[in-house]
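# Close look at the chain arrangement
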Amino acid sequence: MKAEFTYPELKDTVCVVTGAGGGIGRQICLDLARSGASLFLIDARQSHCDAVADAARQLGATCEVAVQDITDLDLLEQAAKRCRERLGNTNVLINTIAMSGRPDSLFDLTLPKWERQIAVNLTSYFTTSQVFAAQMREAGGGSIVHVGSLAGNTPQINSGAYSVCKAGVGMLSRLMAHEWGPHGIRSNVVSPAWCAPR
C-alpha cells in the first residue's frame, strides 16, 4: 500500500516544484495537492509535466505548468513572473530536478558532459532559489527544500559529476539557510538513496 501524506499547514500556499515530472517530483506534487496547495510545476518534458498537473487537478489543486530548460535564466525569470501573476508570491520551492549520473569515469568524462551536469544538478538549484526567494523575501518569508542525494556524502563512482553536484547542493542549502534565514527564508536539504523508476 503506497503511503499518502497531507500537510494541513500548506493549505492555500503557493508551491513551486522543479523536476515535477520525475518520480520524486511527481509524488511531492501529489502530496502537496492533497494538502490544498496551489502548484507551479517546472519540467523540461511536456508529457510528464502535463500528466502530473492533470493528476494534481483531479485532487482539487490549482496548477500551472512551465515546460522549459531549467538552465535558461531568462525563461526561469519569466516563469517566476507568471507564477506570481497566476497564483501569487511563492511560499515554498522544492528543487527535485536532476540529471542522473552518466556511466563515465573521471578519466573519460568530457568537459561538455561535466558542464551540463553541473548546470542542471547544481547551478539550477542556485538560480531557481535566487529567483523564487526574491518573492519569499518580499512576502516576509518562505521555505526551500533541495533534494540532494546520499551520493553527495559517499562517492558514486563512474557517474560523472553527479556526486560533486550533490555535495554542492548540500553546502548551497546551508549557505542559503545562513544568509537568507534573517529574511524568514528556511533552506533544507533531503538526501534520498536510489529510487526505483515508476
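Being a predicted model, the structure only gives us computed values, none of them experimental.

### What about helix H5 (residues 162–180)?
Taking 1.5 Å per residue as the helical rise, H5 with its 19 residues ought to reach 27 Å, and the 26 Å between its terminal C-alpha atoms agrees with that figure. Elements that come into contact with the buried residues of H5 comprise helix H4 (111–139), strand S5 (142–147) and strand S6 (185–190).

### Some details on the sheet that holds S6
The strand order across the open sheet formed by six strands is S3-S2-S1-S4-S5-S6, and the pairing between neighbours is parallel. The sheet is open, and its two borders are formed by strand S3 (63–67) and S6, each paired with just one other strand. For this sheet, the mean inter-axis angle between neighbouring strands, taken without regard to orientation, is 15°. Sitting on the sheet, helix H2 (residues 46–58) touches strand S2 (38–43) and S3, and the angle it makes with S3 is about 175°.

### A look at the pairing of strand S4 (residues 92–95)
Every second residue of S4 is oriented toward a common face, with Val 92 and Ile 94 on one face and Leu 93 and Asn 95 on the other, all of them buried. As paired elements, strand S1 (residues 14–18) and S4 share four bridges and run parallel to each other. Each bridged residue has a counterpart across the sheet, and for Thr 18 the counterpart in S4 is Asn 95. Two elements, S4 and S5, share four bridges in a ladder whose sense is parallel. Residue pairing across strands places Val 92 opposite Ser 143, the latter belonging to S5.

### Focus: the layout of surface pockets
If you roll a probe as big as a water molecule over the atoms, it shows you where there is empty space left. The computed volume of the second largest pocket comes to approximately 200 Å³. Tyr 7, Glu 9, Leu 10, Ile 28, Asp 31, Leu 32, Val 92 and Ile 94 together form the lining of the second largest pocket. Contributions of two or more residues to the lining of the second largest pocket are made by helix H1 (23–34) and S4. Element by element, the count of residues in the lining of the second largest pocket is highest for H1, at three residues. Class assignment for the residues of the lining of the second largest pocket results in six nonpolar, no polar and two charged.

### So, the nonpolar core
In terms of nonpolar packing, the biggest core is built from 26 residues, with Val 16, Phe 40, Ile 42, Cys 83, Phe 132 and Ile 144 touching the most fellow members. Of all the secondary structure elements, the ones that give two or more residues to this core are S1, S2, helix H3 (73–86), H4 and H5. The greatest single-element share of this core, amounting to six residues, is contributed by H4. Beyond its immediate chain neighbours, meaning those up to four positions away, Ile 42 contacts Val 16, Val 17, Thr 18, Gly 19, Ala 20, Cys 49, Ala 66, Gln 68, Ile 70, Leu 76 and Phe 132.

### Focus: a nonpolar patch on the surface
Together, Leu 106, Leu 111, Trp 114 and Val 164 make up a nonpolar patch on the protein surface, roughly 400 Å² of accessible area in all. Checked against the element boundaries, Leu 111 lands in helix H4.

### Considering the pattern of salt bridges
The tally for this structure, following the rule as stated, stands at eight salt bridges. Across the pair Arg 116 and Asp 69 runs a salt bridge, and its minimum N-O distance is 3.7 Å. With Arg 116 in helix H4 and Asp 69 in the loop between S3 and H3, the pair connects residues that are 47 residues apart, well separated along the chain. Residue Arg 116 is classed as partly exposed on the basis of its relative accessible area, which comes to 36%. Accessibility expressed as a relative area gives 32% for Asp 69, which makes it partly exposed.

Each value, and the rule that gives it
Counting restarts for each chain: residues are numbered from 1 in the order of the written sequence. pLDDT decides what is reported in this predicted model: residues at 70 or higher carry local features, side-chain atom pairs at 80 or more are listed and counted, and totals for whole chains, interfaces and linings draw on all residues regardless. In computing side-chain values, all of the structure's heavy atoms are included and hydrogens and water are not. Each helix is a run of DSSP H or I of at least 4 residues and each strand a run of E of at least 2, with the numbering of both proceeding from the N terminus. Given a helix with a known number of residues, its expected span is that number minus one, times 1.5 Å. Between two residues, a contact is recorded if the distance between any of their heavy atoms is within 4.5 Å. The pairing criterion is simple: DSSP has to find at least two bridges between the two strands. An axis is simply a line fitted to the C-alpha atoms; with a helix, the fit covers only the stretch in contact. Between two such axes, the angle follows the N-to-C directions and lies from 0 to 180 degrees. Buried, partly exposed and exposed residues are distinguished by accessible area as a fraction of the type maximum, computed with a 1.4 Å probe on protein chains only: under 20%, between the cut-offs, and over 50%, respectively. Think of a 1 Å grid over just the protein atoms. A cavity is a set of points where a 1.4 Å probe fits yet cannot get out, a pocket is an open set with protein on both sides within 12 Å along at least five of seven lines, and lining residues have an atom within 4 Å of a point. Grid points are joined across faces, edges and corners, and a volume is the space filled by probe spheres set on the points. Each residue is assigned to one class: nonpolar for Ala, Val, Leu, Ile, Met, Phe, Trp, Tyr, Cys and Pro, charged for Asp, Glu, Lys and Arg, and polar for all the others, Gly among them. For this analysis, a nonpolar core means a set of buried residues of the types Ala, Val, Leu, Ile, Met, Phe, Trp, Tyr and Cys, connected via side-chain atoms within 4.5 Å. Two distance rules govern patches: like charges are joined within 9 Å, and nonpolar side chains (Val, Leu, Ile, Met, Phe, Trp, Tyr) within 5 Å, applied only to residues with over 30% relative accessible area and no salt bridge. The Shrake-Rupley method, run with a 1.4 Å probe sphere, supplies the accessible areas, and residue values consider only the shown protein chains as cover. When a carboxyl oxygen of Asp or Glu is within 4 Å of a side-chain nitrogen of Lys or Arg, the pair counts as a salt bridge.

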